[in-house]
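Residue-level structural notes
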Amino acid sequence: MAEPTFRAPKGTRDILPPESSRRRALIDAFAVRASQAGFGEVMSPIFEDLGVFKRLGESTDVVTKEMFDFFDKGDPPQHLALRPELTASVCRAYAEHRPTPPWKVWYEGPQFRYEQPQAGRYRQFSQVGVETLGSDDPQVDVDTIVLGWRFYQSLGLSQVTLLLNSLGDASCRPAYLDALRSYLEANAENLSPQSQTTLERNPLRVLDSKRAEDQAVIAAAPLMVDFLSDETAEHFAAVRSGLDQVGVPYEISPRLVRGLDYYTRTTFEFAAEALTSAQNAVGGGGRYDGLVEALGGPSTPGIGFALGVDRILLACDAEGVFDTPAAAVKVFVVDVTESNEGLKVCEQLRAAGIGADRAYGGRSMKAQMKVADRSGAPLAAIIGDDELASGEITVRDLRGDSGQHRVSRDQLVATIQRLV
Ligand code: AMP
């Protein structure tokens, strides 16, 4: 094949059928679970004022290095950015519309981050997620985490680990950050140059470093769990107890800080053990009790998660679960009569709710049967000159062993319903 003139931009890709129908099935399955748990879908813009995302915190990579930002053609121009995640947009929407709390919403869609592409890391990727705004009850944390856990289970994934931590809140985090900063500064010479820079911006993010040379310092660093106030410790205990109650297993991960600055109290991540560690984060979330206020709304607690669709599908591949759904077309209509019979039969089948397709270009029986085979349809409805003359149709089983039946037009739908 000749070199194409254009390719999809770096870090993006076309999701073609049938892989796209697997992705659609995954999103639909999430939509069903989320709505059954009382979440309504929120559809927000793909781009926002850059300021919305800046509120996520000036020291996060997503904001400082990875933003797809641009100016519109207004006078004066507005500085906009493609969304790198959806929590900020949901909080902006809450501050704008002030719905009655608790506000429970789910979402799906593409996110954009200017990252170095690699396996499982793209510049355009998809997430599904939920957010609950307006309650700091630890039961909300439990419901949120359980929803994510059950979703992975429903796909057939069995090698997912839930990592759990508490990052404290405004009453106890400052003291911890002081202790952490002092410790890291005292040990700065043993940190990588990158982590030394991170330390100046946000000591917490040093704990996120995967660099080998940082690991010894990180291993001995003070832990947030030892600094939790009575209230945040109680909140964390209630979350754990809820998870225990419903049998959702977790690992306490005291160094889990997650990417964005705004998290408080409960944070969690889902790791797919079937994937290599660079891409094994298949989802994550946590509580953010200051974001709505930072966006100009009333002080509102919130918690949610975002799950990476691309990586979940990689994990499904690695575990050999969640196959591509069967083709929607159940019948391929083969018409060699050069009449409108094929068109009419397709109409009849589709009207009865049976997926049907047909070939174009007046091709031979052999050529049409080939297309029928490729379509994935389990049945062919064949119309030749004989059938046309007698008002009948030959139904042929393309996959199983129920052979061939010649039926009248009136019996067609019933015959097919019996066979598929
Ligand atoms: P985050 O908002 O960074 O916590 O991301 C939530 C989830 O989105 C992660 O656990 C990943 O599964 C997925 N994700 C984040 N960044 C990317 C990316 N660049 N490419 C593919 N998936 C991503």
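For clarity, every value in this text was computed on a predicted model and none was experimentally measured.

For the protein, the count of helices and strands is 16 helices and 16 strands. Reported as C-alpha extents along the three principal axes, the dimensions of the protein are approximately 90 × 55 × 45 Å. When burial is assessed residue by residue, the protein has 50% of its 420 residues classed as buried. Contacts in the protein between residues far apart in sequence, at least 24 positions, make up 69% of those at least 6 positions apart.

Another aspect to go through is the pattern of salt bridges. Under the counting rule described, the total for this entry stands at 18 salt bridges. Put simply, Arg-205 and Asp-208 hold a salt bridge, and the shortest N to O gap is 3.0 Å. Taking relative accessible area as the criterion, Arg-205 reaches 17% and is therefore assigned buried. Through salt bridges with shared partners, one network takes in Asp-136, Asp-141, Arg-265, Arg-287 and Asp-289.

Taken together, Arg-363, Lys-366, Lys-370 and Arg-374 make up a surface patch of like positive charges. Tracing the backbone through its elements, the reader meets Arg-363 in the loop between strand E13 (356-358) and helix H14 (365-375).

Turning to the site of the ligand, a few remarks are in order. By nearness alone, 14 residues border the ligand, and Arg-113, Glu-115, Tyr-122, Arg-258 and Ala-281 come closest of all. At a separation of 2.5 Å, a nitrogen atom of the ligand approaches a polar side-chain atom of Glu-115. In the model, a nitrogen atom of the ligand is placed 2.8 Å from a nitrogen or oxygen of the Tyr-122 main chain. Summarising the interface, the protein chains cover 91% of the accessible area of the ligand, which totals 480 Å² for the free molecule. Of all the secondary-structure elements, those providing two or more residues to the shell around the ligand are strand E6 (124-133), strand E10 (281-287) and strand E11 (302-308). Each residue belonging to the shell around the ligand can be placed in one class, and the counts come to five nonpolar, four polar and five charged.

What the three strands build is an open sheet, ordered E2-E4-E3; its pairing is antiparallel. Of all strands in the sheet, those with a lone pairing partner are strand E2 (47-49) and strand E3 (69-71), marking the two edges. Strand-to-strand twist of the sheet, defined as the mean angle between neighbouring strand axes without regard to direction, takes the value 35°. Pairing analysis gives three bridges linking E2 to strand E4 (residues 79-82), with the strands arranged antiparallel. Bridge pairing in E4 places Glu-48 opposite Ala-81.

About the cut-offs
- Residues numbered from 1 in each chain as written.
- Predicted model: local features only at pLDDT ≥ 70, side-chain atom pairs only at ≥ 80, totals over all residues.
- Heavy atoms only, no water.
- Helix = DSSP H or I, 4+ residues; strand = E, 2+ residues; numbered from the N terminus.
- Buried < 20%, exposed > 50% of the residue type's maximum accessible area, 1.4 Å probe, protein only.
- Contact = heavy atoms within 4.5 Å.
- Salt bridge = Lys/Arg side-chain N within 4 Å of Asp/Glu carboxyl O.
- Patch = residues over 30% accessible without salt bridge, like charges linked within 9 Å, V, L, I, M, F, W, Y side chains within 5 Å.
- Areas by Shrake-Rupley, 256 points an atom, 1.4 Å probe, with all protein chains shown as cover.
- Lys, Arg positive; Asp, Glu negative; His and termini not counted.
- Charge placed at Lys NZ, Arg CZ, Asp CG, Glu CD.
- Near = heavy atom within 4 Å.
- Polar contact = N/O pair within 3.5 Å; in protein donor to acceptor, adjacent residues only side chain to side chain.
- Nonpolar A, V, L, I, M, F, W, Y, C, P; charged D, E, K, R; others polar.
- Pairing = 2+ DSSP bridges.
- Axes fitted to C-alpha atoms, helices over the stretch in contact; angles between N-to-C directions.

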